Amino acid sequence: MPGGRHAGPGSPPRRHDVRGRRFGRWATCLLAIAALGAAPACGVEPEPTPGAATAGDPPAPTRPAADEQAARRAALEAYAGYLAASRAASGRGDPHHPELSRFLADPLLTRVRLTIRKAKEHGAMRTGTLVSDPTVTSVSLESSPPTVEIQDCLDGTGYRLVYARDKRVVPGTGGTRHLATATATRFPDGRWLINAGVSHEDLPC
């Protein structure tokens, strides 16, 4: 998103009792367009050629700018997919939910799966709503592999870890509104996947 969390979502909460401490380490893991324009030379105005820009047309972005825009869109889509997949998998207690591998890659994928598995072993599950407001902070298309950095203000106050049998909130796992960061990476097959994420619960937003 959701070390730390994609990301998805959460770092260790405050521990309120012995049972809550059992969840402490993993409970909240879930988790310039540059335009080119050309002016005609003075004199007779040339006839426009097919496909050529006219005075009323908006300027077209350069190739690098268009690539950056596409990368931003793809990264944000992957991030939104990561959060949605994590919520769905956590709600079902399914660490191998098919949507996870659609939007996540290792090492984050393995961490999210482990978190969900541990919650299931303790009889717990995630429920509620996680509110996200992500923005792209940097795009590095020249790096190998290309990456996009994302910053988010995650509101987990309505997203709770509860015991599956009675929906009672697991002690010490209350949600907060805090900063989160994630990295989207373009893989050789062209897909943008979220493969790193950190939840900064000490930084409210």
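Residues numbered from 1 in each chain as written. Predicted model: local features only at pLDDT ≥ 70, side-chain atom pairs only at ≥ 80, totals over all residues. Heavy atoms only, no water.

Draft legend 1. Main features of the environment of T115. Position of T115 among the secondary structure elements: in helix α4 (residues 108–121). Between the C-alpha atoms of T115 and G93, which are 22 residues apart in sequence, the distance is 9.8 Å. (Helix = DSSP H or I, 4+ residues; strand = E, 2+ residues; numbered from the N terminus.)

Draft legend 2. Region of the structure containing helix α2 (residues 63–92). With 30 residues, α2 should reach 44 Å at 1.5 Å per residue; the first-to-last C-alpha distance of 43 Å fits that figure. Positioned one or two residues after α2, G93 has a phi angle of 65 degrees, which is positive. (Expected span 1.5 Å × (residues − 1).)

Draft legend 3. Quick look at the pattern of salt bridges. Applying the stated criterion across every chain, the model contains 4 salt bridges. For R168, the salt bridge identified is with D166, shortest N-O distance 3.6 Å. Judged by its relative accessible area of 40%, R168 is partly exposed. Judged by relative accessible area, D166 falls into the partly exposed class, the value being 38%. (Salt bridge = Lys/Arg side-chain N within 4 Å of Asp/Glu carboxyl O. Buried < 20%, exposed > 50% of the residue type's maximum accessible area, 1.4 Å probe, protein only.)

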